[in-house]
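Okay, here's what each chain looks like letter by letter:
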Amino acid sequence: MTDRASFMAAVASTPRGHDPGLPDRAAAPDAPTELRAGESPLDRFQTEAEAVSTIVERVDAAGAASAVAAALEAAGAGAVAIAADLGDLLEPVREACRSAGLQVDDYADVAPERARAAALDATVTGCLAAVAATGSIVTTGATGRAAALIAPTHVCVVRADQVVDGLHALVDGDVLAAAGSMFALQSGPSRSADIEKTLILGVHGPGRVHVLLVV
Amino acid sequence: MSATTPREDAEVGGRPLPPGWAAPAHQPGADSLADTTFEERARENLARPFQRTAIANATDHTVFALQRRFAGTAHDALRDEARRIRAHAITNLPTYLEQWVDRAEARGTQVHFAADEAEARRIVAGLCAERGVGRVVKSKSMASEEVSLNSALEGAGIDVVETDLGEFVVQAMGDRPSHVIAPILHRTQGEVHELFSAMAGEDLPDDPEALTGFAREGLRHAFLTADAGISGGNFLIAETGEVAMVTNEGNGRLTTSLPRIHIALVGIEKMLPRRTDLAVLLPLLTGHGTGQQITTYVSVLGGPRGAGEPDGPEEMHVVLLDGGRSALLGGEFEEALHCIRCGACQNVCPVYRQVGGHAYGWVYGGPIGAVLTPLFRGQADGGELSHATTLCGACDDICPVRIPLHDLLLGLRRRRVAEDVAPLSERLAFRAWGLAWRHPATYRASTAVARAGLAVLARDGVVSRRVPGLARWTATRDLVLGRRR
Ligand code: SF4
């Protein structure tokens, strides 16, 4: 069995090549995953998210909970789990779903039973952040790794102040400190083009992703 | 909660597995190199007209998408920066590896060290045996192909289910992936339909949506009953001890979320110094890999389920694979370690586009396969692959981290001649290349002329078998010209 010391010794025993040094993170060149000068982050988020088949709807804070219930009904959902990261919206969303006749559970209660989690029609979560330039939402281990993934429909509530400009702003920012054991960028429904390059949505993750952008 | 050993229900989605599904007839990464030559494998693959059209269509699509994606951005500057980050990470690999291991362990990840392929197999099989793992779900991992992990696990009586749609088909057919990004590029919808219908025991509708639905249902069952998830990793982040992984289907996310154990098998060269480097490397990996802005899922995994988290694996293990990598550090071929496995060099390679990934005989195809195979598997096995190229330079042009594949291939040819394993004709031909090589301007002119000459000789982009100097190469294949930007 190779231990750490002998493994590292093999790596360290070779001569060093030329080290060009690390580029300064502040001087990053323009990339497709960054916001362009003068662009509105919310507009770019919507454009990019829609380009990868996310449904994006702008709502105001007062209408957010009922918009969630409407999004679930539009997806034909019956059994729904809601995640704790909805914060202030948790109670209003629960209420709105109940009055819409949906069966609502907390994701944390459902998650330990894999089979039950897999039988959900939809999940509703908040997010840690959203990335304008890529149309991504950021989900975390703290909220639940599979919370935005396990059901055919995912409804995500994004507050306008959670939208960061681009990938750099996300990975350099402090926001990830609250991620827990992992974070993930999710950009639209699950997709595959393995069979003769035909694009299919909803392979393993949700086939329907509905973002409610609270402005 | 089902943590039982589901051996007895050797079925997926309530359906019995077809013969050969649980134990693929043809093990990926096995000894096919030793048994056949590139020429034989190329001949075999050229006899499949669908494959050639499919590869051309798919790779063209990806290359155009890539060009559109970076239009109007500082693409070249981004690539320069990426090259610098990769070069810095690789020249300082000992430091960053130590740092990564410290930080990963501090976050509760258990780190294991595999000096070679056999050790990687032993470690993963051992982890599974100790923990009573009966079924494993896997998300696509080239490192696991490198070490032939599936056959080792199956030999130990473990049910292994590939969950990437393409890899699932590959496994069920007893086949091997033919492209790093698109594993069943060489298979038709009809073949998938036939396979899935046989598995279902009924004639499924012959459309991609229904076929995908069939696989999804069966694979969901596998996810729910698996004890361990095995993944690869696209990047290791030294600063944080994290593993970053990109997928589109979401199987990678489920593999690392649902089973109680997560094992990632990752080559040591995947190192990035900082999290911020993801902002440079990710758009290049996904843009050059598929033409996407970003893949649907990017997971950055920093340990097992944390206190108070509602789900996630109880244990996270990372098996660091050397497997011939450390031997390249500081040497002539070190830059091969900069590769981020985007597959773009395959897409533009006129040889790959004709013969497909299987002709390369091992895990990696195309220019990077022609470089890595002899370096990881030895000259005797893979050395001839350095001749499975036209040296047209299309791969250099498209590589997101600017690996001089063309120089590496020439270096491998030189080495093959020096080690005296090449046939005489090859050694003589090489001398001419060598002369030109001493005068780079002459050399570049000669390849430019060769390309222009080919363009003249080509009809409909296909070069016939009459091209002077290419006789040996073109004897078994027509040559489609590489697309240059
Ligand atoms: S060598 Fe370059 S182009 Fe080829 S797979 Fe690696 S990173 Fe991509």
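Above this text sits the structure in question.
Keep in mind that what you see is a predicted model, and the values were worked out from it rather than measured.

Colleague: Give a detailed account of the overall build of chain B, specifying residues and quantitative values.
Modeller: Along its length, chain B carries 22 helices and 14 strands. Classification of the 485 residues of chain B by burial places 65% in the buried group. The contacts of chain B with a sequence gap of at least 6 include a subset with a gap of at least 24, amounting to 75%. For chain B, the accessible surface area stands at approximately 16,100 Å², while carbon and sulfur atoms represent 53% of it.

Colleague: Hey, could you go over the interface of chain B and chain A for me, with residue numbers and the actual values?
Modeller: Residue-level contacts link 105 residues of chain B with 81 residues of chain A. The contact between chain B and chain A buries some 7,500 Å² in all, and 59% of this surface belongs to carbon and sulfur atoms. Of the charged contacts, one joins B:D102 and A:R4 as a salt bridge, the two residues approaching to 2.9 Å between their closest N and O atoms. Seen at the junction of chain B and chain A, the total is 43 residue pairs in polar contact (both at pLDDT 80 or more).

Colleague: Describe the sheet that holds strand β4 (residues 122-125) of chain A, and please don't skip the residues or the numbers.
Modeller: Residue and element names in this part refer to chain A. The 6 strands lie next to each other as β1-β12-β7-β4-β2-β3, forming an open sheet whose pairing is parallel. The two strands at the open ends of the sheet, each matched to only one other strand, are β1 (55-59) and β3 (103-106). The average undirected angle you get between the axes of adjacent strands in this sheet is 20 degrees. Where β1 and strand β12 (residues 208-214) come together, 5 bridges link them in parallel fashion. Bridge pairing in β12 places I55 opposite H210. With respect to the sheet, helix α2 (residues 41-51) is in contact with β1 and β12, its orientation differing from that of β1 by roughly 150 degrees.

Colleague: Before we move on, could you go through the sheet that holds strand β10 (residues 271-272) of chain B and cite the residues and values that matter?
Modeller: If you walk across this open sheet you meet the 8 strands as β8(A)-β5(A)-β6(A)-β9(A)-β11(B)-β8(B)-β7(B)-β10(B), and the pairing is mixed. Strands at the two margins of the open sheet, each flanked by one partner only, are β8 (163-164) of chain A together with β10 of chain B. As defined by bridge partners, strand β7 (residues 235-237) of chain B adjoins strand β8 (residues 242-247) of chain B across 3 bridges and the pair is classed as antiparallel. Bridging across to β8(B), B:L236 finds its partner in B:V243.

Colleague: Describe in detail a negative patch on the surface, supporting the description with residues and values.
Modeller: On the surface, B:E202, B:D203, B:D206, B:D207 and B:E209 cluster together to form a negatively charged patch. Take B:E202: it is sitting in the loop between α10 (189-200) and α11 (208-225).

Colleague: Would you mind going over the site of the ligand in detail, with residue names and values included?
Modeller: Inspection of the region around the ligand gives B:C339, B:I340, B:R341, B:C342, B:G343, B:C345, B:I368, B:C399, B:P400, B:I403 and B:L405 as its neighbouring residues. Here the shell around the ligand is composed, by residue class, of 9 nonpolar, 1 polar and 1 charged.

Colleague: If you had to explain unusual backbone geometry to someone new, which residues and values would you point to?
Modeller: Residues and elements named next belong to chain B. In this structure, R341 is a non-glycine residue whose phi angle is positive, near 60 degrees. Tracing the sequence through the fold places R341 in the loop between β12 (315-321) and α14 (344-348). On the accessibility criterion, R341 (8% relative accessible area) is buried. Positive phi outside glycine occurs at R402, with the angle close to 55 degrees.

Colleague: Describe the state of the cysteines, naming the residues involved and giving the relevant values.
Modeller: Scanning the model with the defined rule gives 0 disulfides over all chains in all. Looking at the unpaired A:C127, the closest cysteine sulfur is the one in A:C156, lying at 4.4 Å. With a relative accessible area of 7%, A:C127 lands in the buried category. Here B:C392 stays free of any disulfide, with the sulfur of B:C395 as its closest cysteine sulfur at 6.3 Å.

Colleague: Explain the packing of helix α4 (residues 75-91) of chain B against helix α5 (residues 93-106) of chain B residue by residue, including any values.
Modeller: Residue and element names in this part refer to chain B. With their axes 5 Å apart at the nearest point, α4 and α5 run at an angle of 80 degrees to one another. Viewed along their axes, α4 and α5 adopt a mutual orientation that is roughly perpendicular. In contact with H88, A89, I90 and T91 of α4, α5 contributes L93, P94 and Y96. Taken together, the residues of the contact of α4 with α5 break down into 5 nonpolar, 2 polar and no charged.

Colleague: Just give me the short version of the side chain of B:H288, but keep the residues and values in it.
Modeller: Residue and element names in this part refer to chain B. Within the secondary structure, H288 sits in helix α13 (residues 278-290). Given the relative accessible area of 1%, H288 is considered buried. In contact with H288, not counting residues within four places along its chain, are T62, L66, F70, H75, R79, P283, C342, A344, I398, C399 and P400.

Colleague: With reference to specific residues and values, describe the nonpolar core.
Modeller: Residue and element names in this part refer to chain B. With 110 residues, the main nonpolar core has W100 and L320 as its most contacted residues. Ranked by the residues each element gives to this core, the list is headed by α13, at 7 residues. When we break this core down by domain, the ones giving at least three residues each are domain 1 (11-30 + 94-278 + 286-321) and domain 2 (36-73 + 343-422). Setting aside chain neighbours within four positions, we find W100 in contact with V111, L236, I237, A238, G241, E242, V243, M271, V318 and L320.

Colleague: Which residues make up the packing of aromatic side chains, and what are the values?
Modeller: Across all of its chains, the model carries 7 aromatic pairs over all chains by this definition. With a centroid separation of 5.2 Å and 55 degrees between ring planes, the pair formed by A:F7 and B:F113 is classed as tilted. Taken together, the positions of A:F7 in helix α1 (residues 4-12) and B:F113 in strand β3 (residues 110-114) put the pair across two chains. With respect to class, A:F7 is no different from B:F113; both count as buried.

Colleague: Now, about the pattern of salt bridges: what can you tell me, with residues and values included?
Modeller: Here the structure, examined in full by the defined rule, presents 35 salt bridges over all chains. The salt bridge involving B:R107 is made with B:E242; its shortest N-O contact spans 3.8 Å. With B:R107 in the loop between α5 and β3 and B:E242 in strand β8, this pair connects stretches of sequence that are 135 residues apart. On the basis of relative accessibility, which here comes to 31%, the residue B:R107 falls in the partly exposed class. The exposure class of B:E242 is buried, given its relative accessible area of 2%. For B:E332, the salt bridge identified is with B:R414, shortest N-O distance 3.6 Å. In this pair, B:E332 sits in the loop between β12 and α14 while B:R414 sits in helix α19 (residues 405-418), placing the two residues 82 residues apart along the sequence. A residue is classified by how much of its surface remains accessible, and B:E332, at 49% relative accessible area, is partly exposed. One salt-bridge network, held together by shared partners, links A:R4, B:E98, B:D102 and B:E105.

Colleague: Residue-level account of the packing of helix α9 (residues 165-173) of chain B against α10(B), with values.
Modeller: All names here are of chain B. Viewed as axis vectors pointing N to C, α9 and α10 meet at an angle of 70 degrees, and their least axial separation amounts to 11 Å. In this view, α9 runs roughly perpendicular relative to α10, as classed from their interaxial angle. In this structure, α9 meets α10 at a crossing whose hand is left-handed. Along its contact with α9, which presents L165, F168, V169, A172 and M173, the element α10 presents E191, V192, L195, F196 and M199. Of the residues in the contact of α9 with α10, the class split is 9 nonpolar, no polar and 1 charged.

Colleague: Go over the pairing of β12(B) with me, naming the residues and quoting the values.
Modeller: All names here are of chain B. Taken across its 7 residues, β12 has 6 buried, putting it largely inside the fold. Direction of pairing for β3 relative to β12: parallel, over a ladder of 5 bridges. Looking at the pairing, F113 lines up with L320 of β12.

Cut-offs used in this document
Residues numbered from 1 in each chain as written. Chains lettered and ligands numbered in written order. Predicted model: local features only at pLDDT ≥ 70, side-chain atom pairs only at ≥ 80, totals over all residues. Heavy atoms only, no water. Helix = DSSP H or I, 4+ residues; strand = E, 2+ residues; numbered from the N terminus. Buried < 20%, exposed > 50% of the residue type's maximum accessible area, 1.4 Å probe, protein only. Contact = heavy atoms within 4.5 Å. Areas by Shrake-Rupley, 256 points an atom, 1.4 Å probe, with all protein chains shown as cover. Buried area = accessible area lost by both parts, 1.4 Å probe. Salt bridge = Lys/Arg side-chain N within 4 Å of Asp/Glu carboxyl O. Polar contact = N/O pair within 3.5 Å; in protein donor to acceptor, adjacent residues only side chain to side chain. Pairing = 2+ DSSP bridges. Axes fitted to C-alpha atoms, helices over the stretch in contact; angles between N-to-C directions. Patch = residues over 30% accessible without salt bridge, like charges linked within 9 Å, V, L, I, M, F, W, Y side chains within 5 Å. Lys, Arg positive; Asp, Glu negative; His and termini not counted. Charge placed at Lys NZ, Arg CZ, Asp CG, Glu CD. Near = heavy atom within 4 Å. Nonpolar A, V, L, I, M, F, W, Y, C, P; charged D, E, K, R; others polar. Disulfide = S-S within 2.5 Å. Parallel < 35°, antiparallel > 145°, perpendicular 65-115°, else oblique. Core = buried A, V, L, I, M, F, W, Y, C linked by side-chain atoms within 4.5 Å. Domains from an automatic or database assignment. Phe/Tyr/Trp six-rings, centres within 6.5 Å; stacked < 30°, edge-to-face > 60°. Left-handed = near helix turned anticlockwise from the far one by under 90°.

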